[in-house]
Amino acid sequence: MRALLVVNPAATTTSARVRDVISTALSSDLKLEVATTEYRGHARDLARRAAEGGQTELVVSLGGDGTVNEIVNGLLHHGPDPDALPRLAVVPGGSTNVFARALGLPNDAVEATGALLDALREDSSRTVGLGLASGTPGTEDEGVPARWFTFCAGLGFDAGVVGRVEQQRELGKRSTHALYLRQVARQFLGDPHRRHGTITLEQPEQEPVAGLMTAIVCNTSPWTYLGNRPVYASPEASFDTALDLLGVTRMSTVSGTRYAAQLLRSTPERGPRGKHTVSLHDLTDFTLQSQAPLPFQVDGDHLGLRTSATFTGVRRALRVIV
């Protein structure tokens, strides 16, 4: 099998030696080409060329969720076609690795490589659904390029936290769970919309839901991890369905503390709940419109401020080795 291994040398939990061990192990079973990313978006460009070239049968991501997202967007540049496109495999090398862990892969890169080789020998794979976030026609964001996502997107509070974490990492801070929790607290104290939400959820043939101060869109469950603890924002979300949404209309000190505790105690059967929450399951098409520009993120990548985004849940979008 002809395969492309896309390596992010800045991945936080792998060393050059580990990456060499992994590429050597994969080369034993594959006709392997190794490419190292050199700039933001390089993994997307590499995956697009692999898909368009017609010779590559498998693209392997060695990096974090950002690397996976870029590869997915490269593979699906011309749209989803799980039977014709190269398959995707993931070796986790980031700090959280939500997509890989949601697929059931080990969080250790070497162990995940072993699992990947076993899956290849057994020809074991599954077709997963993905989310697509695009500009909303008739708005100032309509020209924004569409972006596929594997596990989540967000508008409002959670995207603000992601942006704060990225700023700290650019200053040289390590991506730790303590850093993340500090930025949650700072976003809470500095968020001007947490008591009066500006987001409206619009669905075809449904009444709009107004007043959301944050909206988390999930393509799978868990939503994220704190260390080894999975966090379930939308427990019913699945790679086999369309998209789920958790919205919050108001976040006072009391309710914010309660929702944080509910997330930390969340399970595959129960997520956050309360009179200020909105939980929706298996949404195929919907739009989020905000009266004020809000932070926007896709798969943990902060994309700046947006006033709108249109979402599509696409079942059976990409074939993944598991």
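None of the values given here were measured: they were computed from a predicted structure.

Observations regarding the overall build of the chain
Logical step 1: Check the secondary structure of the chain and you find 8 helices and 16 strands.
Logical step 2: Over its C-alpha atoms, taken along the principal directions, the chain stretches across nearly 55 × 40 × 35 Å.
Logical step 3: Long-range contacts, defined here as pairs at least 24 residues apart, represent 74% of the contacts in the chain between residues at least 6 apart.
Logical step 4: Within the structure as shown, the chain displays about 14,300 Å² of accessible surface, and the carbon and sulfur contribution to it stands at 48%.

Here we look at unusual backbone geometry
Logical step 1: Backbone torsion omega between Ser221 and Pro222 reads 10°, so that peptide bond is classified as cis.
Logical step 2: Considering the arrangement of structural elements, one finds Pro222 in the loop between strand S10 (214-218) and strand S11 (224-226).
Logical step 3: Positive phi is not limited to glycine here, since Glu205 has a value of about 60°.
Logical step 4: With respect to the helices and strands, Glu205 occurs in the loop between strand S8 (199-202) and strand S9 (209-212).
Logical step 5: Overall, Glu205 belongs to the exposed group, its relative accessible area being 82%.
Logical step 6: A positive phi angle is found at Asp299, which is not glycine, with a value near 50°.
Logical step 7: With respect to the secondary-structure elements, Asp299 resides in the loop between strand S15 (285-298) and strand S16 (301-321).
Logical step 8: A residue is classified by how much of its surface remains accessible, and Asp299, at 4% relative accessible area, is buried.

A closer look at the layout of surface pockets
Logical step 1: Size it by volume and the largest pocket reaches roughly 1,200 Å³.
Logical step 2: If you trace the largest pocket, you find 41 residues lining it, with Gly66, Ser95, Glu166, Arg169 and Gly300 closest to the centre.
Logical step 3: The class makeup of the residues in the lining of the largest pocket is 13 nonpolar, 19 polar and 9 charged.
Logical step 4: Roughly 600 Å³ of volume is contained in the second largest pocket.
Logical step 5: Of all the elements in the fold, those that place two or more residues in the lining of the second largest pocket are helix H6 (157-170), helix H7 (177-190), S10, S11, strand S13 (243-248) and helix H8 (253-264).
Logical step 6: Looking at side-chain class alone, the lining of the second largest pocket contains 19 nonpolar, 6 polar and 1 charged residues.

A closer look at the packing of H6 against H7
Logical step 1: At a minimum axis separation of 9 Å, H6 and H7 run at an interaxial angle of 125°. By the angle class used here, H6 and H7 are oblique. For the element pair H6 and H7, the recorded crossing hand is right-handed. Taking contact as the criterion, the partners of Phe157, Gly160, Val161, Arg164, Val165, Gln168 and Arg169 in H6 are, on H7, Leu179, Tyr180, Gln183, Val184, Arg186, Gln187 and Phe188.
Logical step 2: A class-by-class count of the residues in the contact of H6 with H7 yields 7 nonpolar, 4 polar and 3 charged.

Side note on helix H1 (residues 16-27)
In an α-helix, one full turn covers 3.6 residues, which means residues spaced three or four apart are oriented alike.
Logical step 1: With 12 residues, H1 ought to run about 16 Å at 1.5 Å a step, and its terminal C-alpha atoms sit 16 Å apart, in line with that.
Logical step 2: Those residues of H1 that fall on the buried side of the exposure criterion are Arg19, Ile22, Ser23 and Leu26. The buried residues of H1 occupy one face: seen down the axis, they fall within an arc of 95°. Turned more than 90 degrees away from the buried face of H1 sit Arg17, Asp20 and Thr24, all of them exposed.
Logical step 3: Summarising the contacts, the buried residues of H1 are in contact with strand S1 (2-7), strand S2 (31-36), strand S3 (58-63), strand S4 (87-92) and helix H5 (109-121).

So, the pattern of salt bridges
Logical step 1: Counted under the stated rule, the structure contains 9 salt bridges.
Logical step 2: Between Arg121 and Asp29 there is a salt bridge whose closest N-O contact spans 2.7 Å. One end of the pair, Arg121, is in helix H5; the other, Asp29, is in the loop between H1 and S2, with 92 residues separating them in the sequence.
Logical step 3: Look at Asp29 and you get partly exposed, because its relative accessible area is 32%.
Logical step 4: Measuring nitrogen to oxygen at the nearest pair gives 3.7 Å for the salt bridge that ties Arg121 to Asp118. With Arg121 and Asp118 both in helix H5, this residue pair falls 3 residues apart, about one helical turn.
Logical step 5: Exposure remark for Arg121: the relative accessible area of 55% places this residue in the exposed category.
Logical step 6: Overall, the relative accessible area of 39% leaves Asp118 in the partly exposed class.
Logical step 7: Linked by salt bridges that have partners in common, Asp29, Asp118 and Arg121 make up one network.

Section: helix H3 (residues 65-75)
Logical step 1: Along H3, 10 of the 11 residues are buried, which leaves the element largely enclosed by surrounding structure.
Logical step 2: By the burial criterion, the buried members of H3 are Asp65, Thr67, Val68, Asn69, Glu70, Ile71, Val72, Asn73, Gly74 and Leu75.

Details of the packing of aromatic side chains
Logical step 1: With the rule as written, the count across this model stands at 4 aromatic pairs.
Logical step 2: Here the aromatic rings of Phe99 and Phe239 are separated by 5.6 Å at their centres, their planes lie at 80°, and the arrangement is edge-to-face. Taken together, the positions of Phe99 in helix H4 (residues 98-102) and Phe239 in the loop between strand S12 (229-231) and S13 put the pair 140 residues apart, joining distant regions of the chain. Across the pair, exposure class does not vary: Phe99 and Phe239 are buried alike.
Logical step 3: By the ring-pair criterion, three or more aromatic residues cluster together here, those being Phe149, Phe286, Phe296 and Phe311.

What counts and how
Residues numbered from 1 in each chain as written. Predicted model: local features only at pLDDT ≥ 70, side-chain atom pairs only at ≥ 80, totals over all residues. Heavy atoms only, no water. Helix = DSSP H or I, 4+ residues; strand = E, 2+ residues; numbered from the N terminus. Contact = heavy atoms within 4.5 Å. Areas by Shrake-Rupley, 256 points an atom, 1.4 Å probe, with all protein chains shown as cover. Buried < 20%, exposed > 50% of the residue type's maximum accessible area, 1.4 Å probe, protein only. 1 Å grid on protein atoms, 1.4 Å probe; cavity = no way out; pocket = protein on both sides within 12 Å on 5 of 7 lines; lining within 4 Å. Points joined across faces, edges and corners; volume = space filled by probe spheres on them. Nonpolar A, V, L, I, M, F, W, Y, C, P; charged D, E, K, R; others polar. Axes fitted to C-alpha atoms, helices over the stretch in contact; angles between N-to-C directions. Parallel < 35°, antiparallel > 145°, perpendicular 65-115°, else oblique. Left-handed = near helix turned anticlockwise from the far one by under 90°. Expected span 1.5 Å × (residues − 1). Arc of directions from axis to C-beta. Salt bridge = Lys/Arg side-chain N within 4 Å of Asp/Glu carboxyl O. Phe/Tyr/Trp six-rings, centres within 6.5 Å; stacked < 30°, edge-to-face > 60°.

Structural measurements only, silent on function.
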